[in-house]
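Architecture and fold: a report
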Amino acid sequence: MNRIEYKQFKEVFYEDICDNGLKVVVWHKPLFKSTSCLFGTPFGSFDLQQKTDNDEYYRFKSGIAHFLEHKLFESEEGDILSKFSELGANVNAFTSYQETAYYFNTSDEDIETPLNLLMDFVQDLSITEESVEKEKGIITQELMMYLQNPDSRLYFESFKSMYHTNPLKEDIGGSPESVALITKEELEECYNLNYHPANMTLIIVTPMDPERIFKIVKENQSKKSFDKFNGITRLYSKEPEYVVEEIKEINMDISETKCSLGIKLPVIKTSDEERVKKDWALNFSLEAYFSSMNPKYQNWLDEKKITPYFNVMEDIGREHSFILFTDNHENPKEFKDFVLKELNSFKNTYISEKDLKTLKNRTLGQLLRGFNNLESISVGYFRDSINGVSSFSSLNIVQNLSVDDCMNEIKDLDFSNNSLTIIKSSSNWKLIT
């Protein structure tokens with residue numbers, strides 16, 4: 001059991017590895033009254049192509065990670081949700097681009113029973129052909145619900161317009177067509193490959209004695225047997241630099257036109273720590289320029305260049321990099337021209353020391369407050385481990401970020417690879433030429 005302490009932040013956690021390779025983390029919070037447990041695998045919607053260390057290649061259908069999340073809540077012994085409820089624990093799960101996680105929270109001192117239940121149901125996939133076919137209908141209904149939501153649809157269509165092969169272009173849940181083609185055999189193959197203990201992490205945030213927690217976990221794992229783990233690598237197809245479509249229009253039953261301008265940036269091949277630093281530098285620079293921190297922002301609103309729904313997000317990942325502007329705007333072409341014009345000014349506008357300090361302090365406060373939230377700790381630790389940078393490294397990166405770091409990140413950006421996505425009311429829909 002390895003004890004790790006960050007005295008500056010008064011945080012202590014313990015790490016250990018079970019004989020079967022399962023990584024166990026106990027984050028000790030002695031003043032807390034509740035416990036949160038998360039059991040996760042770094043398998044998400046990005047994992048459509050994989051290779052094992054012994055060169056076995058796998059290709060999965062879009063949405064299979066989400067499908068597995070649904071199926072694992074089935075058990076021959078009864079309803080998993082009801083079992084946790086009877087124990088006074090709230091259980092849930094999520095699938096994202098890079099991970100699938102199952103977790104519960106409880107204020108009960110009997111942590112052993114729900115913790116064993118969590119490990120047991122996640123490590124036992126029991127499915128039938130009939131149950132798989134039934135689940136397809138449930139998932140398809142869920143997907144159609146998101147497609148009928150104009151905000152969700154805008155983001156989904158934006159990524160489809162930008163990316164040719166990158167899994168960002170696929171909905172996390174897949175499509176009705178891909179879900180319909182998933183088989184029981186594929187689910188089982190995918191599960192055996194990605195839910196091996198050596199590929200998973202169990203994180204317990206608790207006031208309980210860490211040694212007691214490790215004992216519970218190791219006793220549970222010692223009773224189970226697993227095949228040898230061969231390691232897994234996520235594969236990506238080559239992604240062109242140019243976008244799929246420069247303009248896309250969708251008509252829906254909505255009252256206000258929604259639009260997005262996606263800027264597809266070149267993928268940055270660098271270390272994880274340097275990538276996170278670049279991500280924060282771009283984030284802070286965009287926030288300082290395209291928000292009320294900029295004195296011009298109110299003029300943009302008054303002149304109807306933007307609306308109060310205006311938003312900008314960015315992401316620098318290992319295999320993607322983009323900026324996405326969204327708004328409710330009646331003239332999407334004018335919105336695009338405005339954003340591109342301001343982006344050119346943005347490249348030559350230094351973020352001020354004052355603004356950078358404000359953004360850094362705000363972010364550091366949010367990161368530090370996360371250490372007072374059970375789920376923020378467990379989810380944050382898990383995602384950080386996948387991204388290759390710890391929460392404490394991120395804190396140091398933010399603390400040490402300089403104006404020069406921000407300007408070095410934006411000065412050479414190329415905004416020419418862009419895509420305008422429009423969702424318009426079906427009553428006034430017409431093709432833009």
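One structure accompanies this document, and this report is about it. Everything quoted here is computed from the prediction, not taken from an experiment.

Taken together, the three strands give an open sheet; going across it, the order is β6-β5-β10, and neighbouring strands pair in antiparallel fashion. Pairing within the sheet leaves two strands with one partner each, and these edge strands are β6 (57–59) and β10 (232–234). Sheet twist, expressed as the average angle between the axes of neighbouring strands with direction ignored, equals 25 degrees. Bridge analysis of strand β5 (residues 49–52) against β6 gives three bridges, and the strand direction is antiparallel. The residue of β6 that forms the bridge with Q49 is R59. Packed on one face of the sheet, helix α7 (residues 184–194) meets β5, β6 and β10 and runs near 55 degrees to β5.

If you add up the space inside the second largest pocket, you get close to 440 Å³. Around the second largest pocket sit 21 residues that line it, and Y97, Y146, D171, I172 and G173 are the ones nearest its centre. Listing elements by their share of the lining of the second largest pocket, those giving two or more residues are α1 (64–72), β7 (89–95), α4 (129–147) and α5 (150–162). Top contributing element to the lining of the second largest pocket by residue count: α5, with five residues. Considered class by class, the residues forming the lining of the second largest pocket number ten nonpolar, five polar and six charged.

To continue, consider the pairing of strand β2 (residues 11–17). Within β2, six of the seven residues are buried, which leaves the element mostly enclosed by the surrounding structure. The pairing of strand β1 (residues 2–6) with β2 spans five bridges and is antiparallel. Along β2, the bridge assignment pairs N2 with E15. Linking two consecutive strands that pair antiparallel, namely β1 and β2, is a turn of four residues; a positive phi of about 55 degrees is found at K10 within it. Looking at chain direction, β2 and strand β3 (residues 23–28) are connected through six bridges and run antiparallel. Paired with D16 across the two strands is V24, which belongs to β3. Following β2, the chain reverses through five residues before pairing antiparallel with β3; G21 in that reversal takes a positive phi of roughly 100 degrees.

In this section: unusual backbone geometry. Of note in this structure, K10 is not a glycine but carries a positive phi near 55 degrees. In this structure, K10 sits in the loop between β1 and β2.

Of note, S419 is situated in strand β15 (residues 418–425). S419 sits in the buried class, given a relative accessible area of 1%. A polar atom in the side chain of S419 sits 2.5 Å from the backbone oxygen of E245. In contact with S419, other than residues within four places in its own chain, are S161, M162, V243, E245, E246, S260, L261 and G262.

Criteria and cut-off values
Residues numbered from 1 in each chain as written. Predicted model: local features only at pLDDT ≥ 70, side-chain atom pairs only at ≥ 80, totals over all residues. Heavy atoms only, no water. Pairing = 2+ DSSP bridges. Helix = DSSP H or I, 4+ residues; strand = E, 2+ residues; numbered from the N terminus. Axes fitted to C-alpha atoms, helices over the stretch in contact; angles between N-to-C directions. Contact = heavy atoms within 4.5 Å. 1 Å grid on protein atoms, 1.4 Å probe; cavity = no way out; pocket = protein on both sides within 12 Å on 5 of 7 lines; lining within 4 Å. Points joined across faces, edges and corners; volume = space filled by probe spheres on them. Nonpolar A, V, L, I, M, F, W, Y, C, P; charged D, E, K, R; others polar. Buried < 20%, exposed > 50% of the residue type's maximum accessible area, 1.4 Å probe, protein only. Polar contact = N/O pair within 3.5 Å; in protein donor to acceptor, adjacent residues only side chain to side chain.

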